[in-house]
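Inside the fold
One-letter residues, chain by chain:
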Amino acid sequence: GFYSGYASISIDKGLTWSALPRGLDNGAISIHIWALTSSGDTIVAGFSSGYASISINKGLTWSALPRGLSSGITTTSISALTSSGDNFIAGFGAGYASISIDKGLTWSALPKGLSSGSTTADIGALTSSGDVFIAGLDGGYAAISAPQEV
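If you're wondering where the values come from, they're calculated on a predicted model, not measured in any experiment.

Ordered by their spatial adjacency, four strands build an open sheet running E3-E4-E5-E6, and the pairing between neighbours is antiparallel. Of all the strands in the sheet, the pair left with one neighbour each is strand E3 (33-39) and strand E6 (63-64). Inspection of the sheet shows E3 paired to strand E4 (residues 42-47) by six bridges, in the antiparallel sense. Considered in E4, the bridge of Thr-37 is made with Val-44.

In structure tokens:
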């Protein structure tokens, strides 16, 4: 991720780059970008201290999302993001997580620890394949889920 909210965009397969608004218009500029994911034209960026931003036009413009993405915590970094189709998952420290089933526009809390066996381990990695999502948590914990409508 970028430090102090800086980010860039390329629209020519990485040959040239242009600066994006510092903090991606989320209201906080001196924070670290920890995670990014995209699906179609939608991109979600996760920052330290629970901040997040969304672009619905391939990164050209950005809007702030609710701090903490309705996870139940607003002070912990968004450490991992993944997406598949309309579904987005955000992972935080201390086992918190959120899901969006509408391309990142609204978010709902998921069970703390994602039923991994630990409710306090940080979520450090997320990946998806179709409707299956896998989370890797500190301490060797892991969880797998097929998203359901919330």
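Back to the write-up after that little detour.
Our next topic: the pattern of salt bridges. Applying the stated criterion across every chain, the model contains two salt bridges. Salt-bridge contacts for Asp-86 lead to Lys-103; the nearest nitrogen and oxygen are separated by 3.9 Å. On the criterion of sequence distance, the pair formed by Asp-86 in the loop between strand E7 (78-84) and strand E8 (87-92) and Lys-103 in the loop between strand E9 (97-100) and strand E10 (108-109) is long-range, its members being 17 residues apart. Take Asp-86: its relative accessible area is 40%, and that puts it in the partly exposed class. Taking relative accessible area as the criterion, Lys-103 reaches 41% and is therefore assigned partly exposed.

In terms of strand pairing, strand E12 (residues 132-137) meets strand E13 (residues 142-145) through four bridges, oriented antiparallel. Bridged to Gly-136 within E13 is Ala-142. A loop of four residues connects E12 with E13, the two strands running antiparallel in sequence, and Gly-139 in this loop sits at a positive phi of about 80°.

Let us look at the nonpolar core. One recurring pattern in soluble globular proteins is that nonpolar side chains are buried together. Among the nonpolar cores identified, the biggest contains 13 residues, and Val-44, Leu-65, Leu-69, Ile-78, Ala-90 and Trp-107 are the most heavily contacted of them. Looking at this core, the elements with two or more residues in it are strand E5 (52-55), E7 and E8. The leading source of residues in this core is E8, at three residues. Those residues in contact with Ile-78 that sit more than four places away from it in its chain are Trp-34, Ala-35, Gly-46, Phe-47, Gly-50, Tyr-51, Ala-52, Leu-69, Ala-90, Gly-91 and Phe-92. Counting twelve residues, the second-largest nonpolar core is a separate cluster that includes Ala-80, Leu-114, Leu-137 and Ala-143.

The rules behind these values
Residues numbered from 1 in each chain as written. Predicted model: local features only at pLDDT ≥ 70, side-chain atom pairs only at ≥ 80, totals over all residues. Heavy atoms only, no water. Pairing = 2+ DSSP bridges. Helix = DSSP H or I, 4+ residues; strand = E, 2+ residues; numbered from the N terminus. Salt bridge = Lys/Arg side-chain N within 4 Å of Asp/Glu carboxyl O. Buried < 20%, exposed > 50% of the residue type's maximum accessible area, 1.4 Å probe, protein only. Core = buried A, V, L, I, M, F, W, Y, C linked by side-chain atoms within 4.5 Å. Contact = heavy atoms within 4.5 Å.

Geometry only, nothing functional implied.
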